[in-house]
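Structure assessment
Next come the chains, spelled out residue by residue.
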Amino acid sequence: MSWLSRRRVIAATAAGGLAAGTRVAAQDGGGNADRSHSNPGPRDPGLAALNPSAFTPPPTDHGDVPAFKYPFSVAHTRVQDGGWARQVTEKDFPIAKSIAGVNMRLTSGGIRELHWHLPAEWSIMLAGKARITAVDQQGRHFAADVGVGDLWFFPSGIPHSIQGLPPDGCEFLLAFDDGAFSEFDTFLISEWMAHTPKEVLAKNFAAPESAFAQIPKQQLYIFQADPPPPLADDLAQSHQPLVPEPFNFAMMAQPPIQTKGGTVRIADSRNFKASKTIAAALVEVEPHGLRELHWHPNADEWQYYISGTARMTVFSSGGRARTQDFAPGDVGYIKRADGHYIENTGTDTLRFLELFRSDRYEDVSLAQWMANTPKELVQAHLHLAEDLIDHLPQDKPLVLPS
Ligand code: MN
Ligand code: MN
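Owing to the predicted nature of the structure, the values given are computational and were not obtained by experimental measurement.

Some remarks on the overall build of the chain
Looking only at helices and strands, the chain has 11 helices and 26 strands in total. Oriented by its inertia axes, the alpha-carbon framework of the chain measures out at about 85 × 55 × 35 Å. Burial analysis of the chain (402 residues in total) assigns 47% to the buried set. Long-range pairs, those at least 24 residues apart, make up 75% of the contacts in the chain with a sequence separation of at least 6. Looking at the chain as shown, the accessible area adds up to about 19300 Å², and 57% of this sits on carbon and sulfur atoms. In the chain, 35 side chains carry a positive charge and 46 a negative one; their mean positions are 3 Å apart.

What follows is the structure, encoded as structure tokens:
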């Protein structure tokens, strides 16, 4: 039995809650390698089924590579009237130094309160629709309605809000350009008002102190309200100009890069001008296809898996390699310059995001490097078939078919 078929049996028996060791030995004729893969002790069949590469890693894995997967499914969810939020930060996921992620749901009318924070905020809408608003340092205003696949970016310190729209609000992913940032530690309009003496508020807003009798005593963070009026009505309320570079971007409106095994859409400061500190790629890999062997010379990669299932192997310096499995809602992380590839392990399209704390997307392709290096030099290292060397792609393949 090969490594791959053995891991399938283990995954299948794990899903069925049976003793994998017994099943494997029975199907295998009890060869030494497979006896060594038995697991008669305590186990969690659900987790084992989701993580076949943990117990039965490919034999090419080697050495000690820090964990590079963290599921949003195990993060604490802060539930309030109007929605919920959960986060994956450096505190729970120590490798993730450059970016912290938040997954948030807002009901129809539910508001993520007016606030600001030190890191910049990048986002993609995952389900439903929202109204987002912001005002910049020159008083220029911004409001837009965003739907599935749309992005937004609020620069460091720019105040903003998010509100779920009918019929069912929204769910989205936020990425902050600092892995240590906590979404539960932001500057909230309600808290600043609550922690300012009424006589100061009266002076600041040129109103009697009694005008502030009803302000909330505690933060709102997420709260239920009525859905907003049409966007045009909201925009008409300010007489200041609009922000010069829109904070939203219709990622799905741009034609994707078509590859042999899927598509790639890139959004960075070259096309999404406001997004100066986060570069993004949305990658689609057809069933059993491969996001090619590559690395990123400019930044760590923070990943979010949207749909399908995947297996990623990270190749680190010193000949180390480790494989982990990914499902929707999982976060992956690859340190700058570490080699990696991602396989679609399922029968559906794999869809995931690659995010970088950078103004631009950059990657180095192993195949393209080899193709554009003198072939005698490559051949002296790898002893490959001459035909393979001659047909290496001088253009980047990005995603390959099965
Ligand atoms: Mn924010
Ligand atoms: Mn990558």
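Considerations on the coordination of the manganese ion (ligand 2)
Within the protein, the atoms that donate to the manganese ion (ligand 2) are His294 (NE2), His296 (NE2), Glu301 (OE) and His340 (NE2), at distances of 2.0 to 2.2 Å. Each donor residue of the manganese ion (ligand 2) lies on the same chain, and together they follow the pattern H-x1-H-x4-E-x38-H. With respect to burial, histidine 294 and histidine 296 carry one shared label: buried.

Observations regarding the coordination of the manganese ion (ligand 1)
Here the manganese ion (ligand 1) is held by His115 (NE2), His117 (NE2), Glu121 (OE) and His160 (NE2), and the distances to it run 1.9 to 2.2 Å. On the primary sequence, the residues serving as donors to the manganese ion (ligand 1) are separated as H-x1-H-x3-E-x38-H. Here the residue histidine 115 occupies a position in strand E5 (residues 111-116), and histidine 160 occupies one in strand E10 (residues 160-164), the gap between them amounting to 45 residues. One exposure class covers both histidine 115 and histidine 160, and it is buried.

A short note on the sheet that holds strand E14 (residues 248-250)
The strand order across the open sheet built from 7 strands is E2-E3-E4-E11-E6-E9-E14, with neighbouring strands paired in antiparallel fashion. In this open sheet, the two strands that pair with only one neighbour each are strand E2 (78-80) and E14. Averaged over all pairs of adjacent strands, the angle between strand axes in this sheet comes to 20°, irrespective of strand direction. Judged from the 4 bridges that link them, strand E6 (residues 121-128) and strand E9 (residues 150-154) form a sheet pairing that is antiparallel. Residue pairing across strands places tryptophan 122 opposite phenylalanine 153, the latter belonging to E9.

What about the side chain of aspartate 300?
Positionally, aspartate 300 belongs in the loop between strand E18 (290-295) and strand E19 (301-307). At 6.2 Å, arginine 336 is the nearest oppositely charged side chain to aspartate 300, a buried residue that forms no salt bridge. Only 2.6 Å separates the side chain of aspartate 300 from the side chain of tyrosine 333, close enough to count as a polar contact. One polar contact links the side chain of aspartate 300 to the main-chain amide nitrogen of arginine 336, over a distance of 2.7 Å. Excluding its chain neighbours within four sequence positions, the residues that come into contact with aspartate 300 are Ser98, Tyr333, Ile334, Lys335, Arg336, Leu355, Phe356 and Arg357.

A look at the pattern of salt bridges
Evaluated as defined, the whole model comprises 16 salt bridges. The partner of arginine 265 in a salt bridge is glutamate 284, and the shortest N-O contact between them spans 3.9 Å. Of this pair, arginine 265 sits in strand E16 (residues 262-267) while glutamate 284 sits in strand E17 (residues 279-285); the two residues are 19 residues apart in sequence, bridging distant segments of the chain. According to the relative accessible area criterion, arginine 265 is buried, its value standing at 10%. Overall, glutamate 284 belongs to the buried group, its relative accessible area being 13%. Put simply, aspartate 363 and lysine 396 hold a salt bridge, and the shortest N to O gap is 2.6 Å. Here the residue aspartate 363 occupies a position in the loop between strand E24 (350-356) and strand E25 (364-365), and lysine 396 occupies one in the loop between helix H11 (386-390) and strand E26 (399-400), the gap between them amounting to 33 residues.

Observations regarding the sheet that holds E17
What the 7 strands build is an open sheet, ordered E1-E22-E19-E24-E17-E16-E15; its pairing is antiparallel. The open sheet has two free edges, formed respectively by strand E1 (69-71) and strand E15 (257-258), since each of these has just one partner strand. Pairing of E19 with E24, which is carried by 5 bridges, proceeds in the antiparallel orientation. Each bridged residue has a counterpart across the sheet, and for tyrosine 304 the counterpart in E24 is leucine 353.

A short note on the domain arrangement of the chain
What the domain assignment reports for the chain is domain 1 (3-54), domain 2 (75-249) and domain 3 (250-400). Summarising the inter-unit geometry, the C-alpha centres of domain 2 and domain 3 are found 32 Å apart. Interface area for domain 2 against domain 3, summed over the two sides, is near 2300 Å², with a carbon-plus-sulfur share of 74%. Interface area lost by domain 2 to domain 3 is led by Ile99, Phe153 and Phe249, which between them contribute 28%. The interface formed by domain 2 and domain 3 holds 1 salt bridge in total. Among the salt bridges present, the one from glutamate 245 reaches lysine 276, with a minimum N-O distance of 3.3 Å. Looking at the side of domain 2 that touches domain 3, the elements with two or more residues in it are E6, E9, strand E11 (170-176) and E14.

Observations regarding the nonpolar core
Core analysis: the biggest nonpolar cluster contains 73 residues, and Met104, Trp122, Trp152, Phe172 and Trp302 have the highest contact counts within it. Formed jointly, this core draws a minimum of three residues from each of two domains, domain 2 (75-249) and domain 3 (250-400). Once residues lying within four places of it in the same chain are set aside, the contact partners of methionine 104 are Trp84, Ala85, Arg112, Cys170, Glu171, Phe172, Leu174, Glu183, Tyr221 and Ile222. By size, the runner-up hydrophobic cluster in this structure holds 5 residues, among which are Met370, Ala371, Ile389 and Leu392.

Some details on the pairing of E17
In terms of residue burial, E17 counts as a mostly covered element, since 7 of its 7 residues are buried. Burial along E17 is two-sided: the face carrying Ala279, Ala281, Val283 and Val285 and the face carrying Ala280, Leu282 and Glu284 are both buried. As defined by bridge partners, E16 adjoins E17 across 6 bridges and the pair is classed as antiparallel. Directly across from threonine 263, in E17, lies its bridge partner glutamate 284.

How each quantity is defined
Residues numbered from 1 in each chain as written. Chains lettered and ligands numbered in written order. Predicted model: local features only at pLDDT ≥ 70, side-chain atom pairs only at ≥ 80, totals over all residues. Heavy atoms only, no water. Helix = DSSP H or I, 4+ residues; strand = E, 2+ residues; numbered from the N terminus. Buried < 20%, exposed > 50% of the residue type's maximum accessible area, 1.4 Å probe, protein only. Contact = heavy atoms within 4.5 Å. Areas by Shrake-Rupley, 256 points an atom, 1.4 Å probe, with all protein chains shown as cover. Lys, Arg positive; Asp, Glu negative; His and termini not counted. Charge placed at Lys NZ, Arg CZ, Asp CG, Glu CD. Donors = N, O, S within 2.8 Å, 3.2 Å for Na, K, Ca; no water. Pairing = 2+ DSSP bridges. Axes fitted to C-alpha atoms, helices over the stretch in contact; angles between N-to-C directions. Salt bridge = Lys/Arg side-chain N within 4 Å of Asp/Glu carboxyl O. Polar contact = N/O pair within 3.5 Å; in protein donor to acceptor, adjacent residues only side chain to side chain. Domains from an automatic or database assignment. Buried area = accessible area lost by both parts, 1.4 Å probe. Core = buried A, V, L, I, M, F, W, Y, C linked by side-chain atoms within 4.5 Å.

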